[in-house]
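Each chain is listed here by its residues.
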Amino acid sequence: MKGICVLGSTGSIGVSTLDVAGRHPDRYRVVALTANHNIDRLFEQCQRFRPPYAVMIDEPPAAELRRRLRDAGIETEVLSGVRALEAVCVLPEVDSVMAAIVGAAGLLPTLAAARAGKTVLLANKEALVMSGPLFMSAVRESGADLLPIDSEHNAIFQCMPANYHAGRTAPEVRRILLTASGGPFLRKGLGELHDVTPAEAVAHPNWVMGRKISVDSATMMNKGLELIEACLLFNAPPELVQVVIHPQSVIHSMVDYVDGTVLAQMGNPDMRIPIAHAMAWPERFDSGAEPLDLFAVKRLDFEAPDFQRFPCLQRAYDAVRAGGTMPAILNAANELAVASFLDGGIRFTDIPDVISHCMMSVPVGRADSIETVLEADRSARETAGAYIRKL
Ligand code: NAD
Ligand code: MG
């Protein structure tokens, strides 16, 4: 029996994780659940899974949850504050931490889990993109198992040589083929892009996800972040990672070996598949996903990405090549730009401009401590905010 802490349990990945955990009560015990604002959903989750701990970021909703749980006779202890996220990750009864908070807010608890040697189930790609080599060395030093949840990285991991562990070099791998659906605007006229609305941008053709990652998929910054994520997880230079547009999202990524063998992982676009893979690893168990119906899929298409249509993808290649704190700057600028777009503050086509501006004007340094990474994040947010106010 393993104890699991789910960071961001009320989000899209968090809910799918609990769906999988609920199918395997003999294998997983839920020790802690955490959420930002959603009291109703966290209450329901506590009612169902009876975790010893729950965390909400602010005290007023935490107090409200505490009251509701007490009235329902549920003994979950409710904590509040960002430090409580770290505290629940490192509890001795926690074996695995699902890192499913969105954005930079997930960095410190995810890093705490890695440092404590927990099995880290990593969905929160922004945490890895920001802290890069620091995060990977924390994993190496503590001996933690790091299992990718992002469907592409989970697919690559499954196609890697037997007994592969994240962060190692695989000399027999010639290329990593990172697939991308192309998002909702793959075929939209270039001239129409600056009028698209947040509702159109979050309507992903194949996946149902949180709002931030859905906008990232529409700009293809999601693939940019995933490129950086792949370089770190698989210890590969960016030249080794090729982005391939595959609109059906049936192949979730591929690995090309020196002998010419290409291994692909396929499945329905259902995040419970990579989640169940990582939770059962190195074994397998039921995820609840429907079997893949190839006759319904019929065909698999591939094309090269258009960097003019998707300038964010180019910025990510630039950031990974620049190294140091540049990926953290790219990520922070993107988070702010996406939030502003979702609030109606800027246009869709302003997002890459905000990012380019920050990459050109925020000083880049070595990412040699978590403090320097957090400072780059803070400084990029400040610069992005000032730029957005002038747009
Ligand atoms: P979501 O918006 O649905 O959920 C985010 C979760 O994080 C919620 O539980 C929320 O309460 C919590 N949260 C948000 N801000 C917080 C803060 N400041 N402090 C503490 N908690 C906070 O997002 P999602 O789609 O589930 O994505 C989560 C992560 O997984 C992201 O990093 C995303 O890139 C990654 N991911 C998601 C998918 C997917 O299919 N949804 C696929 C691959 C990777
Ligand atoms: Mg992905």
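Given the structure is predicted, the values throughout are model-derived calculations rather than measurements.

### Notes on the packing of aromatic side chains
Phase 1: Taken as a whole and judged by the stated rule, the model has 6 aromatic pairs.
Phase 2: Ring centres 6.0 Å apart and planes at 65° place the aromatic pair Phe 307 and Tyr 317 in the edge-to-face group. One end of the pair, Phe 307, is in the loop between helix H12 (294-297) and helix H13 (311-322); the other, Tyr 317, is in helix H13, with 10 residues separating them in the sequence.
Phase 3: On the basis of relative accessible area, Tyr 317 is assigned to the buried category, the value being 9%.
Phase 4: Note on Phe 341 and Phe 348: the rings are 5.6 Å apart at their centroids and 65° apart in plane angle, and the pair reads as edge-to-face. Residue Phe 341 shares its accessibility class with Phe 348, and that shared class is buried.
Phase 5: One aromatic cluster in this structure is built from Phe 157, Tyr 164, Phe 234 and Trp 281.
Phase 6: A cation over an aromatic ring shows up here: Arg 68 above the ring of Phe 43, its NZ or CZ 5.9 Å from the ring centre.

### Overview of the site of ligand 1
Phase 1: In the vicinity of ligand 1 there are 22 residues, among which Thr 10, Ser 12, Asn 36, Glu 126 and Gly 210 approach most closely.
Phase 2: At 3.4 Å, a backbone N or O of Ala 123 approaches an oxygen atom of ligand 1.
Phase 3: The contact in question runs from an oxygen atom of ligand 1 to an N or O atom on the side chain of Glu 126, over 2.6 Å.
Phase 4: Listed by contribution, the elements that provide at least two residues to the shell around ligand 1 are helix H1 (12-23) and helix H6 (125-142).
Phase 5: Residue contributions to the shell around ligand 1 reach at least three from each of two domains, namely domain 1 (2-144) and domain 2 (167-267 + 296-390).

### What about the coordination of the magnesium ion (ligand 2)?
Phase 1: Bound to the magnesium ion (ligand 2) on the protein side are Asp 150 (OD), Glu 152 (OE) and Glu 226 (OE), at distances that span 2.1 to 2.2 Å.
Phase 2: Within one chain, the residues serving as donors to the magnesium ion (ligand 2) are arranged as D-x1-E-x73-E. No difference in accessibility class separates Asp 150 from Glu 152, as the two residues are buried.

### Quick word on the sheet that holds strand S8 (residues 173-180)
Phase 1: Spatially, the 4 strands line up as an open sheet ordered S9-S8-S10-S11, and their pairing is mixed. At either end of the open sheet lies a strand with only one pairing partner, and these are strand S9 (241-245) and strand S11 (262-266). Sheet twist, expressed as the average angle between the axes of neighbouring strands with direction ignored, equals 20°.
Phase 2: Note that S8 and S9 share 5 bridges and pair parallel. What sits directly across from Ile 176, in S9, is Val 241.
Phase 3: In this fold helix H10 (residues 221-233) packs onto S8 and S9, with an angle of close to 155° to the strand it touches most, S8.

### Describing the pairing of strand S10 (residues 251-257)
Within a regular strand, side chains alternate between the sheet's two faces.
Phase 1: Burial within S10 is extensive, with 7 of its 7 residues counted as buried.
Phase 2: As defined by bridge partners, S8 adjoins S10 across 4 bridges and the pair is classed as antiparallel. Counted as the bridge partner of Leu 177 is Met 254 from S10.
Phase 3: In sequence, S10 turns back onto S11 through a hairpin of 4 residues, with Gly 260 there showing a positive phi of about 95°.

### Things to note about the pattern of salt bridges
Phase 1: According to the stated counting rule, one finds 30 salt bridges in the structure shown.
Phase 2: Close ionic contact of Arg 381 with Asp 377 constitutes a salt bridge, the shortest N to O distance being 3.0 Å. Placement of the pair is Arg 381 and Asp 377 together in helix H16 (residues 370-390), with a separation of 4 residues, close to one helical turn.
Phase 3: Overall, Asp 377 belongs to the buried group, its relative accessible area being 9%.
Phase 4: Through salt bridges with shared partners, a single network forms among Asp 19, Arg 23, Asp 270, Arg 272 and Asp 286.

### A short note on the domain arrangement of the protein chain
Phase 1: You can read the domains of the protein chain as domain 1 (2-144) and domain 2 (167-267 + 296-390).
Phase 2: Computed over C-alpha atoms only, the centres of domain 1 and domain 2 are separated by 25 Å.
Phase 3: On the domain 2 side, the residues contacting the 18 residues of domain 1 number 25 residues.
Phase 4: Interface area for domain 1 against domain 2, summed over the two sides, is near 1,700 Å², with a carbon-plus-sulfur share of 73%.
Phase 5: Summed over the three residues of domain 1 that lose the most area to domain 2, namely Lys 125, Val 129 and Met 130, the buried surface amounts to 38% of that side.
Phase 6: The tally of links from domain 1 across to domain 2 stands at 2 salt bridges.
Phase 7: Residues Lys 212 and Glu 126 are paired through a salt bridge, measuring 2.9 Å at the closest nitrogen-oxygen approach.

Rules behind the numbers
Residues numbered from 1 in each chain as written. Chains lettered and ligands numbered in written order. Predicted model: local features only at pLDDT ≥ 70, side-chain atom pairs only at ≥ 80, totals over all residues. Heavy atoms only, no water. Phe/Tyr/Trp six-rings, centres within 6.5 Å; stacked < 30°, edge-to-face > 60°. Helix = DSSP H or I, 4+ residues; strand = E, 2+ residues; numbered from the N terminus. Buried < 20%, exposed > 50% of the residue type's maximum accessible area, 1.4 Å probe, protein only. Lys NZ or Arg CZ within 6 Å of the ring centre and 35° of its normal. Near = heavy atom within 4 Å. Polar contact = N/O pair within 3.5 Å; in protein donor to acceptor, adjacent residues only side chain to side chain. Domains from an automatic or database assignment. Donors = N, O, S within 2.8 Å, 3.2 Å for Na, K, Ca; no water. Pairing = 2+ DSSP bridges. Axes fitted to C-alpha atoms, helices over the stretch in contact; angles between N-to-C directions. Contact = heavy atoms within 4.5 Å. Salt bridge = Lys/Arg side-chain N within 4 Å of Asp/Glu carboxyl O. Buried area = accessible area lost by both parts, 1.4 Å probe.

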